[in-house]
Amino acid sequence: MSLVSKDRYLDYFFEFSTTRAKLALFRVVFFSLIALDGIRRLPRAARYGASDFNVGQLAWLEAILPAPERSAILLIFLLQAYLGLRIAMGVAMRSSLWLLTALYGYAYFVSQLDSFQHHYLIFLLLLLACFVPWYRDPDDSARTRSWAVRLILVQIGIVYAYAALAKCESVWLDGTVLGQQLPTGWTRDMAEWLGMGSAATAVMLTEAFLAFAFLSGRLLLVALPVGLGLHAGIQWGAKLDIELFSYFMFALYILLIPDSWFEWMGRHIGRSMGTFRTAVVRAVARRPVVVIATPISLTAGWLLADSLPLAESTLFAALVSALAILAVALAWLPRGIGAGPRQGADRRVVATAALLVHLGSLAAIAWWPETEEKVGDYYKLWAGNARRLGNWDEAGQAYKGLLKLRPKWSSAHYYLGVKAQREERIDDALGHYERAQRANHNDHRGFFQAAQIHHAAKRGQEARAAAERVVDILQRKRNSRAEQQQLQRARGIVEYWSRK
Amino acid sequence: MSSPRNRKAVVFIHIFLAVQILAPLSYYTIRADRNDERFAWRMFSSVRMLRCQVEFRTGPEAKPVGNLQGIFHQVWVRLAQRGRMEVIQAMAQELCEREGAEREEKAPEVRVQIACLKIDGEREERGGSWNACRLGSL
């Protein structure tokens, strides 16, 4: 006799239900994080395709997938931000989710350059999210059944279970690993107060408890603060480079909030939200609104996407415009294909929403304060990698892109000077070195190279002035061996032209 | 409970669960490279603290490859320093191809020496004598 009957086992998945309000909140938070993650990952695109070397996550998949390339991965990250926002705002969710899952999966599986385990987890969650009934039921009920939401919870339970299992080894349980991972701060103080071994055991037991709670669906009210506390400790105490992992976990804990809280909120604010929604729907369901919104949204959207300081921005603008047009077209397709609306007014609402969200998403991406910073970091990493790999043409391209965003970045001017010097364009090189000097008067490199060029060209006054500046900068700091040699050389130049 | 409507869902759930249970389990059972923790949900584990010195030597005179970051992106070098064998092997193969192109008709030779220091102070050494170009796999 089996311990669990087949019906009970299947009910575990198919009878699982949750409130629509909870799903909506989870969707907005989780997919906004996906969008933010897309922006934050932009610099990492620089590493793909470098020196044409790659190792895929799975050998059999590597043979099928197209080789990763920097520009393509950059576009995928931008599309991740765009699609994430579109799903968060509830537009063309089904098609956007499948596309996002495919793109995210490709970016993860194509290369071991992405070694974050949580990116794999997010891919799995996106895959499961494709099966979640995000749309309202025709009967407009407050609850919905979803085996996919149950499977999301099970997946998190599996992750906690294996994370706990991995810690069942002596070097974890005696506190050795934790002791090396925790930086000085309140979490370390707390762990030392408890005893490092006890703290490490407590982490393992916490994960085991969370696995039990997520898999069984019991003690969720206890799991909620315990899990949030664990991830808050990891995020703000351990200071590890885990990107947005903790925030994604915080978002997942929304699914553990008791349904009754959402039902209470639904009773109290649901009516006013409904009135607001009806007013908006009435406003946008008019034919002139769609007619006006279409060209404005598509044109402004194109301009916003194309304004990103990237060579790929025009292609990005074209891709998102196509996606916006597709989302509008979906509004007119029959149920099942377009997932939606069926009458004139409904179609106009969906089409207008798609256009407004298109524009809003691109405005958010283009104007988000981190976007410019991350694009700058992308150029910086690309330039550095290309230079180290000896690909000076690419490095030059990247440094020029970086200077458009950070005109006072002395290293970029300096390396453009080095590139020009390698190509025997000495006057150009000197120009770059002078710009590097102006950009950062305390960066000795531009002065040193200029001193050498002037010295070789027998321009004593200029050579001496530049060399004196090198001496002035380097004798005030602790130098590397290369800098010590440069200091010696600069002193030699000063001495030489002083004697003349 | 499994109506025709959700029969596909039942199949999907079971395939998904099987993969999600077996893939991490494979780390503890059949995976040859214990330094490769992908798909095993071993967050913050001791293996993450492993530090390896990986040295590639080429040619019959076993000349060390000096600046790996001049050949491979630094992320690959860092992954190799974490003892990830699949990456080290692919790097060795890449060097074999380069060595083969340079030496034309002569058979390329690339040897790899890996010395890892575990968190508990234990040292682990691998490689050294065999030619990665001939073996294909380390």
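Not measured: the values here are computed from a predicted model.

Definitions and cut-offs
- Residues numbered from 1 in each chain as written.
- Chains lettered and ligands numbered in written order.
- Predicted model: local features only at pLDDT ≥ 70, side-chain atom pairs only at ≥ 80, totals over all residues.
- Heavy atoms only, no water.
- Helix = DSSP H or I, 4+ residues; strand = E, 2+ residues; numbered from the N terminus.
- Expected span 1.5 Å × (residues − 1).
- Buried < 20%, exposed > 50% of the residue type's maximum accessible area, 1.4 Å probe, protein only.
- Contact = heavy atoms within 4.5 Å.
- Pairing = 2+ DSSP bridges.
- Core = buried A, V, L, I, M, F, W, Y, C linked by side-chain atoms within 4.5 Å.
- Buried area = accessible area lost by both parts, 1.4 Å probe.
- Salt bridge = Lys/Arg side-chain N within 4 Å of Asp/Glu carboxyl O.
- Polar contact = N/O pair within 3.5 Å; in protein donor to acceptor, adjacent residues only side chain to side chain.
- Nonpolar A, V, L, I, M, F, W, Y, C, P; charged D, E, K, R; others polar.
- Phe/Tyr/Trp six-rings, centres within 6.5 Å; stacked < 30°, edge-to-face > 60°.

1. Let's talk about helix α20 (residues 410–422) of chain A
Residues and elements named next belong to chain A.
- Here α20 contains 13 residues, and its C-alpha end-to-end distance of 18 Å stays within 8% of the 18 Å for a straight helix at 1.5 Å per residue.
- Counting buried positions along α20 gives 11 out of 13 residues, so the element sits mostly inside the fold.
- Of all the positions in α20, only S410, S411, A412, H413, Y414, Y415, L416, G417, V418, K419 and A420 are classed as buried.
- On its buried face, α20 is in contact with α18 (369–388), α19 (392–405), α21 (426–439) and α22 (444–456).
- In the stretch just after α20, E424 is the one whose phi turns positive, near 60 degrees.

2. Digging into the pairing of strand β3 (residues 110–117) of chain B
Residue and element names in this part refer to chain B.
- Here strand β1 (residues 51–58) runs beside β3; their pairing, made up of eight bridges, is antiparallel. Bridge pairing in β3 places R51 opposite L117.
- Taken together, the five bridges between β3 and strand β4 (residues 123–127) define a ladder with antiparallel strand orientation. Each bridged residue has a counterpart across the sheet, and for C116 the counterpart in β4 is E124.
- The antiparallel hairpin formed by β3 and β4 contains five residues in its connecting segment, where G121 sits at a positive phi of about 90 degrees.

3. Quick notes on the nonpolar core
- Counting residues in each nonpolar core, the largest one holds 164 residues, and the members touching the most others are A:F31, A:F316 and B:F56.
- The element best represented in this core is helix α4 (residues 70–88) of chain A, accounting for 13 residues.
- Setting aside its immediate chain neighbours within four residues, A:F31 contacts A:F26, A:G84, A:L85, A:I87, A:A88, A:L97, A:L100, A:L126, A:A129 and A:W134.
- The next biggest cluster of nonpolar side chains, apart from the first, holds 15 residues, and it includes A:A451, A:L474, A:V494 and A:W497.

4. Points about the interface of chain B and chain A
- Listed as interface residues are 46 residues of chain B and, on the opposing side, 54 residues of chain A.
- Both sides of the chain B and chain A interface together cover about 4600 Å² of buried area, and 68% of this is carbon and sulfur.
- Taken together, chain B and chain A are joined by zero salt bridges.
- Our count for the contact surface shared by chain B and chain A stands at 14 residue pairs in polar contact (both at pLDDT 80 or more).
- Listed by contribution, the elements that provide at least two residues to the side of chain B that touches chain A are α1 (4–29), α2 (74–81) and α3 (85–103) of chain B.
- Top contributing element to the side of chain B that touches chain A by residue count: α1(B), with 13 residues.
- Tallied by class, the residues present in the side of chain B that touches chain A amount to 26 nonpolar, 10 polar and 10 charged.

5. A closer look at the sheet that holds strand β2 (residues 63–64) of chain B
- If you walk across this open sheet you meet the four strands as β2-β1-β3-β4 (chain B), and the pairing is antiparallel. Here the strands that pair on one side only, and so sit at the sheet edges, are β2 and β4 of chain B.

6. Some remarks on the packing of aromatic side chains
- Applying the stated criterion to the full structure yields 35 aromatic pairs over all chains.
- Note on A:F26 and A:W134: the rings are 6.4 Å apart at their centroids and 15 degrees apart in plane angle, and the pair reads as stacked. Separated by 108 residues along the polypeptide, A:F26 in helix α2 (residues 20–40) and A:W134 in the loop between α6 (117–129) and β2 (143–145) bring together distant segments of the chain.
- By relative accessible area, which is 12% here, A:W134 ends up buried.
- Ring centres 5.0 Å apart and planes at 85 degrees place the aromatic pair A:Y496 and A:W497 in the edge-to-face group.
- Every member of this aromatic cluster is reached through a ring pair, and the members are A:Y108, A:F109, A:Y120, A:F123, B:F39 and B:W41.

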